Amino acid sequence: MTTSRPLPTLLVIPTGIGCELGGYAGDGLPAARLLAAASGCLITHPNVMNGASLYWSDSRIHYVEGSALDRFAAAGIGLRSVRRQRLGLLLDAGIEAELRWRHLQVAEGCRASLGLEIGPVVTTDAPLEVSLCLGGSGASWGQLGRPELLLRAGHMLKAAGATAIAVVTRFPEDNSSEALAAYRQGSGVDALAGAEAVISHLLSRELGLPCAHAPALSPLPLEPGLDPRAAGEELGYTFLACVLVGLSRAPDLVPLAPGVPGSGPLPATGADLLRIEDVGAVVAPAGALGGAAVLACAERGIPVIAVHNPCVLNVSAAALGLEVLPAESYAAAAGLLVALREGISPSALVRPLQRLNTISADRPSGAGESHPGPGQRRDDTPPHAPC
């Protein structure tokens, strides 16, 4: 096992695009655990960590909402570890009475059995009216009919002392749809994921707090031929438990620039802050490299590890003109992270080994200068980068 200092790493598996690994509730967790062990410090989003009734706590993994992950990569915020968050629970008024009680009992169970600090609970003034859609690419997305009610309830929770917010909204459902049947059999796209992202992005951007979403749905009928990746979503009545656990130790989002939600007159400072400058690599599916976080990292010269993980998109390194470190699996990506963490050039692990580039002393000044490329980023991170 490596004994070197952590190499903070971003893991991005975009939601709602049907990734073969990470396209279901919590099936990205094993990869996240492996990459956390390899890097010593992993920053990822709820889509990777949420497994409905299943979850995994790891002090090396930072649970950061997707739009906050983008702001972190763009140097708009830093991440500060906390012992615990006070979780506000935001419920959609469109949730039926029995389903509402199921969610409240999950929250009570997490208080009693896991010791989480939860409360207060705020219900929106009227139903939020969530709708679901599929884009031309096949990726899922959605809309809120009453976004102002969501934000009003979120502000109420923040004013009441909540430091992180779990939100549950009533989602439309069609248990007889072909898309749902295909998803339960292991194909197709998570139709809920795009709308979930819209909700959590809106809240987190507005409030500057850690946020995550759980959809409220009626239980599905038993399906003996269920794909193993879909099984985690059908173990209980709600998806809320994993959200509460993930948010309970989600890092604070600390503004680093004026205009960021929650910022004061001056940028925040602090030696205990994890910043994008501390990050040593970003891991993302090879066909989904066009996200804001990945591109922001690439612009900074942070190595991009592109993992073979088929999805409905084909936004590849070639299409974007990016140099990346290719990996056939997340296990291979873990090996690359260990190499970077230990200061081993990934190119030294590839055969044939390229010859050294030599330049003549009489070449014009600057000609032939080398610049950090994938896996060659200069090690300018602080000697004790926080994690």
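Residues numbered from 1 in each chain as written. Predicted model: local features only at pLDDT ≥ 70, side-chain atom pairs only at ≥ 80, totals over all residues. Heavy atoms only, no water.

As annotated in an unreviewed UniProt entry, the protein chain carries the name DUF3326 domain-containing protein and comes from Cyanobium usitatum str. Tous.

Q: Outline the overall build of the protein chain, listing residues and values.
A: When you go through the protein chain residue by residue, the secondary structure sums to 12 helices and 14 strands. Taken over 387 residues, the protein chain has a buried fraction of 48%. Surface summary for the protein chain: the accessible area is close to 17,900 Å², and the carbon and sulfur share equals 55%. (Helix = DSSP H or I, 4+ residues; strand = E, 2+ residues; numbered from the N terminus. Buried < 20%, exposed > 50% of the residue type's maximum accessible area, 1.4 Å probe, protein only. Areas by Shrake-Rupley, 256 points an atom, 1.4 Å probe, with all protein chains shown as cover.)

Q: Tell me about the sheet that holds strand β10 (residues 211-216), residues and numbers included.
A: Taking strand neighbours across the sheet as the criterion, the four strands line up as β6-β5-β9-β10 in an open arrangement whose pairing is parallel. Strand pairing shows two members of the sheet lacking a second neighbour, β6 (118-123) and β10, which therefore form its edges. Adjacent strand axes in the sheet meet at a mean angle of 20 degrees when their direction is disregarded. By the bridge criterion, four bridges tie strand β5 (residues 87-91) to β6 in an arrangement that is parallel. Along β6, the bridge assignment pairs L89 with V121. Contacts from helix α4 (residues 97-114) reach β5, β6, β9 (164-170) and β10, with the element oriented near 165 degrees to β6. Against the sheet, helix α9 (residues 240-248) engages β5, β6, β9 and β10, with an angle of about 165 degrees to β9. (Pairing = 2+ DSSP bridges. Axes fitted to C-alpha atoms, helices over the stretch in contact; angles between N-to-C directions. Contact = heavy atoms within 4.5 Å.)

Q: So what about α4? Which residues, and what values?
A: Counted at 1.5 Å a residue, the expected span for α4 with its 18 residues is 26 Å, and the 25 Å between its end C-alpha atoms agrees. In this fold, the buried residues of α4 make contact with β5, β6, β9, β10 and α9. G115 sits one or two residues past α4 and shows a positive phi near 75 degrees. (Expected span 1.5 Å × (residues − 1).)

Q: Which residues make up unusual backbone geometry, and what values do they have?
A: Between G119 and P120 the backbone carries a cis peptide bond, its omega angle lying at 5 degrees. One non-glycine residue, A52, lies in positive phi territory at about 65 degrees. Note that A52 resides in the loop between α2 (46-49) and β3 (61-63). Despite not being glycine, E129 shows a phi value in the positive range, around 60 degrees. Along the chain, E129 turns up in the loop between β6 and β7 (130-134). Residue class for E129 comes out partly exposed when judged on its relative accessible area of 48%.

Q: Give a description of the nonpolar core that names residues and reports values.
A: Residues L244 and I305 are the most contacted members of the largest nonpolar core, which totals 80 residues. Top contributing element to this core by residue count: α9, with seven residues. Beyond its immediate stretch of four places on either side in the chain, I305 contacts A281, V282, V283, A284, L325, A327, A333, L336, L337 and L340. The next biggest cluster of nonpolar side chains, apart from the first, holds 26 residues, and it includes C41, L253, A284 and V294. (Core = buried A, V, L, I, M, F, W, Y, C linked by side-chain atoms within 4.5 Å.)

Q: Lay out the sheet that holds β3 with the relevant residues and their values.
A: Within the open sheet, the six strands sit side by side as β3-β2-β1-β12-β13-β14. Their pairing is parallel. One side of each edge strand has no neighbouring strand; the edge strands of this open sheet are β3 and β14 (325-327). Strand-to-strand twist in this sheet, taken as the mean axis angle between neighbours without regard to direction, amounts to 25 degrees. Alignment of strand β1 (residues 9-11) against strand β12 (residues 281-285), held across three bridges, turns out to be parallel. For L11, the partnering residue across the bridge sits in β12 and is V283. Running over the sheet, helix α3 (residues 66-73) touches β1 and β2 (42-44) and is turned about 145 degrees from β1.

Q: Just give me the short version of the environment of R84, but keep the residues and values in it.
A: Along the chain, R84 falls in the loop between β4 (77-80) and β5. Classification of R84 as exposed rests on a relative accessible area of 56%. Considered as a pair, R84 and A164 are 80 residues apart in the sequence and their alpha carbons are 9.8 Å apart. The residues touching R84, leaving out its near neighbours within four places in the chain, are E117 and S248.

Q: Describe the pairing of β9, with residues and values.
A: Burial analysis of β9 places seven of its seven residues in the buried class, which makes it a mostly covered element. Here β9 shows two buried faces, one formed by A164, A166, V168 and R170 and the other by I165, V167 and T169. Pairing of β5 with β9 involves five bridges; the strand directions are parallel. Bridge pairing links G88 to I165 in β9.

Q: Quick rundown of the side chain of E233? Include the residues and the values.
A: With respect to the element layout, E233 can be found in the loop between α8 (228-231) and α9. One buried charged residue, E233, remains without a salt bridge, the closest side chain of opposite sign being R184 at 8.6 Å. (Lys, Arg positive; Asp, Glu negative; His and termini not counted. Salt bridge = Lys/Arg side-chain N within 4 Å of Asp/Glu carboxyl O.)

Q: Tell me about helix α7 (residues 193-207), and name the residues and values.
A: Under the 1.5 Å per step criterion, the end-to-end length of α7 is 21 Å for 15 residues, consistent within 8% with the ideal 21 Å. Listing the buried residues of α7 in full gives A193, G194, A195, E196, A197, I199, S200, L203, S204 and L207. Two residues or fewer past α7, G208 is found with a positive phi of approximately 70 degrees.

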